[in-house]
Structures are given as C-alpha cells and as structure tokens.
Amino acid sequence: METPNSVLDKAIKLAAITDRIDEIRTRFEVAKRASVAHVGLKRREWEPARDSHVWKRCLQTDQIIEHDAVVHSADPDNRYGFKIEAPAYKYNLGEIYNLCIARGTLTEEEWFKINDHIVQTNVMPESLPLPKNLENVPEIAGRHNEKMEGTGYPKKLEDGELSILEHIIVIADVSEALTASDRPCKLPKTLSESNRITILMMRDRHLDVELSKLFLNSGIYKDFAQNLLLDSLIDDVDINQYVALRIGFCRLNLVQ
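Below: a short report on this structure.

The rules behind each value
- The residue numbering used here restarts from 1 in each chain and proceeds along that chain's sequence as written.
- Only residues with pLDDT of at least 70 get local features here, since the model is predicted, and only at 80 or more are side-chain atom pairs given and counted; chain-wide, interface and lining totals rely on the full set of residues.
- Based on all heavy atoms of the structure, the side-chain values leave hydrogens and waters out of the count.
- Each helix corresponds to a stretch of at least 4 residues labelled H or I by DSSP, and each strand to a stretch of at least 2 residues labelled E; elements are numbered beginning at the N terminus.
- The classification of residues rests on relative accessible area computed with a 1.4 Å probe and restricted to protein chains. Under 20% of the type maximum is buried, over 50% is exposed, and intermediate values are partly exposed.
- By the convention used here, residues are in contact when the closest approach between their heavy atoms is within 4.5 Å.
- Only buried residues count toward a nonpolar core. Its members are Ala, Val, Leu, Ile, Met, Phe, Trp, Tyr and Cys residues joined through side-chain atoms within 4.5 Å.
- The span one expects for a helix is its residue count, reduced by one, times 1.5 Å.
- Throughout, the bend at a residue refers to the angle made by two axes, fitted to the seven residues ending there and to the seven starting there.
- Whether two aromatic rings pair depends on their centres lying within 6.5 Å, for rings of Phe, Tyr and Trp, where Trp uses its six-membered ring; planes under 30 degrees apart make the pair stacked, over 60 edge-to-face, and the rest tilted.
- A side-chain nitrogen of Lys or Arg and a carboxyl oxygen of Asp or Glu constitute a salt bridge if their distance falls within 4 Å.
- For every element, the axis is a line fit to its C-alpha atoms; helices are fit only across the contacting stretch, and the angle between N-to-C directions ranges from 0 to 180 degrees.
- Should an angle fall under 35 degrees it is called roughly parallel, over 145 degrees roughly antiparallel, and 65 to 115 degrees roughly perpendicular, with every other angle called oblique.
- Each crossing gets its hand from how the near helix is turned against the far one by less than a right angle, where anticlockwise is left-handed and clockwise is right-handed.
- Throughout this entry, Asp, Glu, Lys and Arg are counted as charged residues, while Ala, Val, Leu, Ile, Met, Phe, Trp, Tyr, Cys and Pro are counted as nonpolar. The remaining residues, Gly among them, count as polar.
- The arc refers to the directions leading from the helix axis to the C-beta atoms.

### A word on the overall build of the protein chain
Item 1. Along the backbone of the protein chain there are 11 helices and two strands.
Item 2. Shown N-terminal to C-terminal, the secondary structure of the protein chain runs as helices and strands in the order α-α-α-β-β-α-α-α-α-α-α-α-α.
Item 3. Sorting the 256 residues of the protein chain into buried and exposed places 38% on the buried side.
Item 4. Sequence separation of 24 or more characterises 62% of the internal contacts of the protein chain that already satisfy a separation of 6 or more.

Dropping the structure here:
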C-alpha cells in the first residue's frame, strides 16, 4: 500500500490536491460583500465576530472518506501481533478539522496512513526468499518504531522484547527522522537539536539509555552527520551542554 503523495507532501494544514486557502479567501470575500449589502443603509463594515453565523458557513466542517475495507492491521486477532488503533475514518478533509491540527500539518488519519509503511515492513518481506543469514532482517527492520516503555508502533513492544540490534535501529531511525531534509511536513533539525532530543527520549525511556550514551560518547553521531546531513545542519555539538539540561535524569554520565 503506497502512501499518497498528497499525504507525504502535505506541507500546510489545508493542502489536499491543491492549497485550499485561496478558495477559503474567496468565500470570505463573497460573504463579506453579501453581508454589507444585506445591512443596506447602515453600511457598517463586516465584522467576523458579530457575523459568526456567516463565517462559520465559509468553512467546511467534515469531508469524510470511509475506509475502503476493514483495517486488518487493527484487528486485535491479527496474526502479526500488531496493537494498532485505527481512526474511525480513512480521511477527514474538513477544513475546520484540518485547521485545528495541534502540531505539524498531518491529521490523525494521515499519520495512520503514513505509519502503514511500518506495518508493510513487517508483512511484505514474508514472501521474500531470504537466505538463512538474513532471515531476521524483516523482523529487525519492522521494529524501527518501537519504544522501550511499550508505546511504540506497531506492536507496542517493551525493552525486554527488543534485541540490541533492534534498539540500534530505533536510535538510527530517530536520528534520521529528526534531521531529514526531504519531508515537507516538517523542518529538519540541526545536529545539536537532534542530539538534544535524543537525550530527552532517553529520559522518557523511548530509547535504550546505554546504547544512546554510546551513540553520543563514541562520536558515532559525527559520522552519521558527515555521511547523511546537509552541511547547513551540521553545527557545533558540546556534549557537556546536555548534562546542563537538568532534565531529571541524573545518571546520564555522558562525558567520561
């Protein structure tokens, strides 16, 4: 199942096939002129606060698109062990709904669609005739969005259920996701910002503490930056500054 470009490239809240903000501006302008004309001799200016009944009609509420079929990955009895809660609808393109997105540009439904790539990472490789020395690769790759404390995706695995290799993949995926410069829905983080967030995720037990410390203390993050980051994102990193964050995780011991 391919993620639609309209979701992958959604850089603003009202983007669908096109940016709908100009259409909304047109509706408001028409409503404004019609409202002033309705007042007649009073000729007062149109005031959105006073004419709320008018501007509410200028924004579409719900444009619901139902799921094509049952979302099998959200079935509690699925054979893969997925623990996924699917949204009620496939998409909700309502303008008010999209304008109320609290963070970023994606709705709950769009995030679910994007996260489906993790599900497919678990499902699709089953049909591949992998040699014995690579037979664990699909399982390792399919766990790149899991978290130590059991709130990850799609199986909500906990620390003891993840191997060292899987913990390493999670850390690598976090660093790549934070600094990626090809995602319209978010701006890339600099190297120092990415490392700071890594520390915070350690505190919240999203990432393995010892492996995250190794990632920072060993300087592996520098190799990662030189190979994969834009030059503009590679800034000075002082590991000592992370200790000074006072984030309530006293035994980080980042500098040895």
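### Details of the environment of Gly160
Item 1. Here Gly160 lies in the loop between α6 (137-141) and α7 (164-179).
Item 2. The spatial distance from the C-alpha of Gly160 to the C-alpha of Met148 is 8.1 Å, given a sequence separation of 12 residues.

### Quick notes on the nonpolar core
Where a protein is soluble and globular, its nonpolar side chains tend to be buried together.
Item 1. Ranked by internal contacts, the top residues of the largest apolar core, which has 19 residues, are Leu207, Leu216, Tyr221 and Leu229.
Item 2. Every residue in contact with Leu229, bar those within four places of it in the chain, is listed here: Thr179, Leu191, Phe224 and Ile234.
Item 3. With six residues, the next largest nonpolar core counts Phe82, Ile84, Ile118 and Val119 among its residues.

### Some details on helix α5 (residues 108-123)
Item 1. The first and last C-alpha atoms of α5 sit 22 Å apart over 16 residues, in line with the 22 Å expected at 1.5 Å per residue.
Item 2. Of all the bends in α5, the greatest measures close to 25° and is centred on Ile114.
Item 3. All of the buried residues in α5 are Glu109, Glu110, Phe112, Lys113, Ile114, Asn115, Asp116, Ile118, Val119, Gln120 and Asn122.
Item 4. Residues of α5 that are buried sit in contact with α1 (5-8), β2 (91-92) and α4 (95-99).

### Thoughts on the packing of aromatic side chains
Item 1. Across all of its chains, the model carries one aromatic pair by this definition.
Item 2. Plain terms: the ring middles of Tyr80 and Phe82 are 5.2 Å apart, the flat faces sit at 15° to each other, and that makes the pair stacked.

### Section: the pattern of salt bridges
Item 1. On inspection of all chains with the given rule, the structure shows 12 salt bridges.
Item 2. Measuring nitrogen to oxygen at the nearest pair gives 2.8 Å for the salt bridge that ties Glu95 to Arg27. Remark: Arg27 occurs in helix α2 (residues 21-39) and Glu95 occurs in helix α4; sequence separation between them is 68 residues. The burial state of Glu95 is the same as that of Arg27; both residues are buried.
Item 3. Within this structure, Glu23, Arg27 and Glu95 form a network of salt bridges that share partners.

### What to know about the packing of helix α8 (residues 191-203) against helix α9 (residues 209-217)
Item 1. The N-to-C vectors of α8 and α9 enclose an angle of 160°; their axes lie 10 Å apart at closest approach. By the angle class used here, α8 and α9 are roughly antiparallel. You can see that α8 and α9 cross each other, and the crossing is left-handed. For the pair α8 and α9, the contacting residues are Asn195, Thr198, Ile199 and Met202 in the first and Val209, Ser212, Lys213, Phe215 and Leu216 in the second.
Item 2. By residue class, the composition of the contact of α8 with α9 is five nonpolar, three polar and one charged.

### Things to note about the packing of α7 against α8
Item 1. At their nearest, the axes of α7 and α8 sit 10 Å apart, and the two run at 135° to each other. Viewed along their axes, α7 and α8 adopt a mutual orientation that is oblique. Considering the relative orientation of α7 and α8, their crossing is right-handed. Counted together, Val174, Ser175, Leu178 and Thr179 of α7 and Ser194, Ile197 and Met201 of α8 form the full contact between these two elements.

### What about the environment of Tyr80?
Item 1. Inspection of the secondary structure puts Tyr80 in the loop between β1 (64-65) and β2.
Item 2. Setting aside its immediate chain neighbours within four residues, Tyr80 contacts Val123, Glu126 and Lys155.

### Structural notes on helix α10 (residues 220-228)
Item 1. Those residues of α10 not exposed but buried are Tyr221, Phe224 and Ala225. Projected down its long axis, α10 shows its buried positions confined to an angular sector of 100°, all on one face. Turned more than 90 degrees away from the buried face of α10, the exposed residues are Gln226 and Asn227.

Distances and angles like these do not, on their own, reveal function.
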